[in-house]
Amino acid sequence: MELKLLFPFLMLHVIHDVHSSSSQWTVSVPKRISVLQGSCVVIPCLYNYPKPKSKKILTRWKGFWMNGKKVVSTNVPKWKLIKEYKKRTQFLGNIQARNCTMLLDSVGRNDAGPFHFRIEMPQYKSYSYTTTPVTINVTRIPQPPTLSVEMNEKVTASCSVSHSCPTIPPQFSWSHRGIVNRQSKRLNTWQWQTVSTLTFPYRPSDFNKPLNCTVLYRGGKQVTSSMILRM
Ligand SMILES: *[C@@H]1O[C@H](CO)[C@@H](O)[C@H](O)[C@H]1NC(C)=O
Ligand SMILES: *[C@@H]1O[C@H](CO)[C@@H](O)[C@H](O)[C@H]1NC(C)=O
Ligand SMILES: *[C@@H]1O[C@H](CO)[C@@H](O)[C@H](O)[C@H]1NC(C)=O
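Here the structure is a predicted model, which is why all the values come from computation and not from measurement.

**With respect to the site of ligand 1**
All residues in the neighbourhood of ligand 1 are listed as L46, L92, N99 and T101. At 3.4 Å, a backbone N or O of L92 approaches an oxygen atom of ligand 1. In this structure, an oxygen atom belonging to ligand 1 sits 2.4 Å away from a side-chain N or O atom of N99. Considering ligand 1 on its own, with 360 Å² of exposed area, one finds that the protein chains cover 40% of that surface. When its residues are assigned to classes, the shell around ligand 1 shows two nonpolar, two polar and no charged.

Rendered as structure tokens:
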């Protein structure tokens, strides 16, 4: 009889412990992100807060991305952003699901940050996560794509770049006709890799000729990698 009573108590205790350790004022964001000037960045963000002691049900969350005292982006509809950020930012996250992911487009030299997230729950509390900021390393020179080629009876060429903006990935163009495929994958919390693959039947006239892959990044910067086709 006693055991039966003890068991549910232990279970509850364990569950409570797990919950309290995850329910703090914490935010999970990358510390530093490299972004090509003119291009865009999706800043992944998940936030957490201590569970309210009362059983009050929260229904309203106002999220703000801040640069010092300036509001960069918010989930609040019709909020008047200052000119510096107007039409350049988008609150992508689902605030209710503790997702505060933000998009910043047309990244300029003045966009290094630091940026931090702030949550306002009018039925509970507000908090600025200033101790966990995000800084942006704005780079000026686009990274050339990595180009590799395999030749059998067909030529299969792969052209790969990493970037910070899955919403508007780079565009690829090839100097040779063929079948083109594009795929993206996540490399880490903020960095993505997009690969374009070109396939065409091998002809002797292609021998010793360059094959070029040009990458056009969001914002207009482009860079080409070139390779000579050899058997
Ligand atoms: C957060 O929101 C972004 C944008 O909608 C989404 O891509 C991402 O998968 C979400 N993250 C989680 C953990 O749900
Ligand atoms: C900024 O990014 C560039 C390119 O990714 C990298 O070479 C450089 O080390 C970074 N600088 C800092 C301070 O993180
Ligand atoms: C390919 O790239 C090389 C070297 O950058 C350049 O000289 C050549 O004109 C390019 N060819 C094509 C067809 O774009």
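Moving on, there is more to tell.
**Thoughts on the state of the cysteines**
A complete count under the given rule lists three disulfides for this structure. Across the disulfide from C40 sits C165; the S-S distance is 2.0 Å. Its S-S torsion of about -100 degrees marks the bond between C40 and C165 as left-handed, since a negative value means left-handed. Remark: C165 occurs in the loop between β13 (154–163) and β14 (171–174) and C40 occurs in the loop between β2 (32–36) and β3 (41–43); sequence separation between them is 125 residues. The same class applies to C40 and to C165, which are both buried. One disulfide bridge connects C159 with C213, the sulfur atoms lying 1.9 Å from each other. Residues C159 and C213 are joined by a disulfide whose S-S torsion is about -85 degrees; by sign, that bridge is left-handed.

**Description of the domain arrangement of the protein chain**
Partitioning the protein chain into structural domains gives domain 1 (21–139) and domain 2 (146–228). Relative to domain 2, the C-alpha centre of domain 1 lies at a distance of 34 Å. Counting residues at the interface gives 16 residues for domain 1 and eleven residues for domain 2. Around 1,000 Å² of area is buried between domain 1 and domain 2 when both sides are counted, 63% of it from carbon and sulfur atoms. Summed over the three residues of domain 1 that lose the most area to domain 2, namely L36, C40 and V42, the buried surface amounts to 38% of that side. Summed over the shared surface of domain 1 and domain 2, the result is one salt bridge. Taking the shortest distance from any N to any O, the salt bridge between D105 and R218 comes out at 2.5 Å. Seen at the junction of domain 1 and domain 2, the total is three residue pairs in polar contact (both at pLDDT 80 or more). Within the residue set of the side of domain 1 that touches domain 2, elements represented by two or more residues are β2 and β3.

The rules behind the values
Residues numbered from 1 in each chain as written. Chains lettered and ligands numbered in written order. Predicted model: local features only at pLDDT ≥ 70, side-chain atom pairs only at ≥ 80, totals over all residues. Heavy atoms only, no water. Near = heavy atom within 4 Å. Polar contact = N/O pair within 3.5 Å; in protein donor to acceptor, adjacent residues only side chain to side chain. Areas by Shrake-Rupley, 256 points an atom, 1.4 Å probe, with all protein chains shown as cover. Nonpolar A, V, L, I, M, F, W, Y, C, P; charged D, E, K, R; others polar. Disulfide = S-S within 2.5 Å. Helix = DSSP H or I, 4+ residues; strand = E, 2+ residues; numbered from the N terminus. Buried < 20%, exposed > 50% of the residue type's maximum accessible area, 1.4 Å probe, protein only. Domains from an automatic or database assignment. Contact = heavy atoms within 4.5 Å. Buried area = accessible area lost by both parts, 1.4 Å probe. Salt bridge = Lys/Arg side-chain N within 4 Å of Asp/Glu carboxyl O.

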